[in-house]
Amino acid sequence: MSAADTRWDVLIVGGGPVGACAGALLQRAAGAGRRPLRIGLLEPARPAPPAAGAALDARVSAWSRSSERILSAAGAWQRMAAERIQPYERMCVWPAHVPARSADALVFDAAYVGESNLGSIAENRLVQCAALEAFEAAGGTIVPSGFSGLEIHEDEVQVRAAEQVHSCKLLVGADGARSRVRDALGVATRITSYEQTAIVANVRTERAHERTAWQRFLGAGTLAFLPLADGSSSIVWSVQETLARERLALPAAQFEQELLGASDGVLGALELCTERVGLPLRRLRAERFSAARCALVGDAAHVVHPLAGQGVNLGLLDAAALADCVLEALQRGEDPGAAAALRRYERWRKSELAPMALAIDGFNRFLAHDSGPLAHLAQQGLVWVNRSEAAKRLFIGRALGLAGELPAAARVRAAALS
Ligand SMILES: Cc1cc2nc3c(=O)[nH]c(=O)nc-3n(C[C@H](O)[C@H](O)[C@H](O)COP(=O)(O)OP(=O)(O)OC[C@H]3O[C@@H](n4cnc5c(N)ncnc54)[C@H](O)[C@@H]3O)c2cc1C
C-alpha cells in the first residue's frame, strides 16, 4: 500500500511510541497468521532518529520489562542503538526526612526477584523512531498528514486528513493527551491538573549513578534521577507550578545549587548538560476506551503522574491488548473493528488501569505532597515495605509491568523473540 491509498483495514492516528507499536504488533502478527492487514498510520510530525554519537535527548522514559517484551515482539527494541539504552538494576526511594543512603531508604533491587535489571532508561524519540521503522518493515504505511475529523458508518469509519478521506474497519486513536480522535468521538474525559510542573533536564553528576533510579519524596513534590547510558542522569523534578516557573528562570549555576539541596547531595555536585524543559502535569481519564469501530490507546485514553514512570508502559500494554483482541476477532472470521473485540479491549484495560492510577495518585498525594496524618501513615507504610521482602517483591512485579492480566506480547521473554 502507498500513502496515496485510502482504504485500510486498520487506520491508526498518531505515531508516538504507543500508536507505532500498536501498528507494528498488528501488522506482524496478522502477517504471521496469514491474515495480512492493510494498516495505515497518520503522523504529521515524524521525528528523525537520533544520529549516532549525538548527545542524549532530555525526554527519556523508564521502559518496564513488559514494554521491552512488547517492543521486541513489535520488532522495535532490536532496532534501538544499544549504546543509548541504560538498564537500571535498582530503585532507591526516600522521604525528605531520612538520609538517602541510610537503612531507612527503600531499595528495590532486581536481584530480589532474580532479574538482571528492573527496566531500561531510553529516549522517547529513540523508541518512537524504532517502532515506526518496525511498522514500515512489517508492511505498514505511514501517511504524513494529521487527522481532522471522522464519520462512523455501520461497516466502516471515514476519516478526514489533509485533503484526503480515508476509510477503515477499525480506527485507533493514539494521538496523545490532546487527542482529536477522542474529541471527535465525543468521549467524556476527566482532566484534573495536578497543579505541578515537571522540570526535565539531563545533568552530569559528581558521583556515578550506580545504575540506580533515585527518587526523593520532598513533601512538596518529587525529584527523580534516572541513570543514562552516557553516565549522566535525567532529572524529573515535579513541583508546584509557580515554583517551577521560578526555577526554570534561574541562572544555571543557581538552579544547580537548588537541585543539589533538593537531592540531598545523593549524587554529589551537579551540572546541567541540556536545556531545562517545564511540562505541566495533568491526570486524564477517558470515560470510554472504545466506541463503534474505534479504540483509544495510550495518552489518548489515560494520563497518569510521571512519579511512578508508568504512563507509556501502560500505553504499550493497551497496544498489545488491543492487538490480542483484534487478532482473536480475525480468527473468528470477524473484521478488525468487531464490536465484541472492542468491548473486551475496553473492559480489560479499564480494569487493569483503575488500581494503578489510584495507587499513583495516592503516592503523589500522601508521599510527595502532604504532611498530615495520612502522609505520616504512608511514610510508616514505606518503613513496613522496607522490612518485608514479600512486599518488595510485589512492588517490583508491578514496576516490571508483569502483574495482572498480560497480553501475549508481554508474556514472551524478549530473548525468545530475537
Ligand atoms: C515529565 C514526564 C516524564 C515521564 N516519564 C515516564 C516514564 O519514565 N515512564 C513512562 O512509562 N512514562 C513516562 N511519561 C509518560 C509518557 O511520556 C507518555 O505516556 C507517552 O509519551 C505517551 O505516548 P503516546 O504514544 O500515547 O502519545 P504521544 O507520545 O503524545 O504521541 C502522540 C502522537 O500523535 C501525533 N498526533 C497528535 N495529533 C495528531 C493528529 N491530529 N493526527 C495525527 N497524529 C497526531 C503526535 O505527533 C505524536 O507523534 C512521562 C511523562 C512526563 C510528562
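For the structure, see preceding data.
Read on for a plain summary of the structure. Treat the numbers as computed from the prediction; the structure is a model and nothing was measured.

1. Some thoughts on the environment of His97
Next, step 1: Within the secondary structure layout, His97 lies in the loop between β5 (90-95) and β6 (106-109).
Next, step 2: Residue His97 is classed as exposed on the basis of its 10 C-beta neighbours within 10 Å.

2. Quick notes on the site of the ligand
Next, step 1: For the ligand, the set of nearby residues contains 33 residues, the closest of which are Gly14, Gly16, Gly176, Gly298 and Gly311.
Next, step 2: For the shell around the ligand, the secondary structure elements donating two or more residues are α1 (17-32), β3 (60-63), β12 (189-205) and α7 (311-331).
Next, step 3: The class makeup of the residues in the shell around the ligand is 15 nonpolar, 14 polar and four charged.

3. Quick word on the packing of α1 against α7
Next, step 1: Interaxial distance between α1 and α7 falls to 9 Å at its minimum, and their mutual angle equals 30°. If you check the angle between α1 and α7, you find them roughly parallel. Every pair of crossing elements has a handedness; the one defined by α1 and α7 is right-handed. Across from Pro17, Val18, Cys21, Ala22, Leu25, Leu26, Ala29 and Ala30 in α1, the residues of α7 making contact are Val312, Gly315, Leu316, Asp318, Ala319, Ala320, Leu322, Ala323, Val326, Leu327 and Leu330.

4. Overview of unusual backbone geometry
Next, step 1: Even without being a glycine, Glu195 presents a positive backbone phi close to 55°.
Next, step 2: Among the secondary structure elements, Glu195 is positioned in strand β12.
Next, step 3: The backbone of Arg211 shows a phi angle near 50°, a positive value even though the residue is not glycine.
Next, step 4: Looking at where Arg211 falls in the secondary structure, it is placed in the loop between β12 and β13 (212-217).

Quick notes on the rules
Residues numbered from 1 in each chain as written. Predicted model: local features only at pLDDT ≥ 70, side-chain atom pairs only at ≥ 80, totals over all residues. Helix = DSSP H or I, 4+ residues; strand = E, 2+ residues; numbered from the N terminus. Buried ≥ 20, exposed ≤ 12 C-beta atoms within 10 Å, placed from the backbone. Near = placed C-beta within 6 Å. Nonpolar A, V, L, I, M, F, W, Y, C, P; charged D, E, K, R; others polar. Axes fitted to C-alpha atoms, helices over the stretch in contact; angles between N-to-C directions. Parallel < 35°, antiparallel > 145°, perpendicular 65-115°, else oblique. Left-handed = near helix turned anticlockwise from the far one by under 90°. Contact = placed C-beta atoms within 7 Å.

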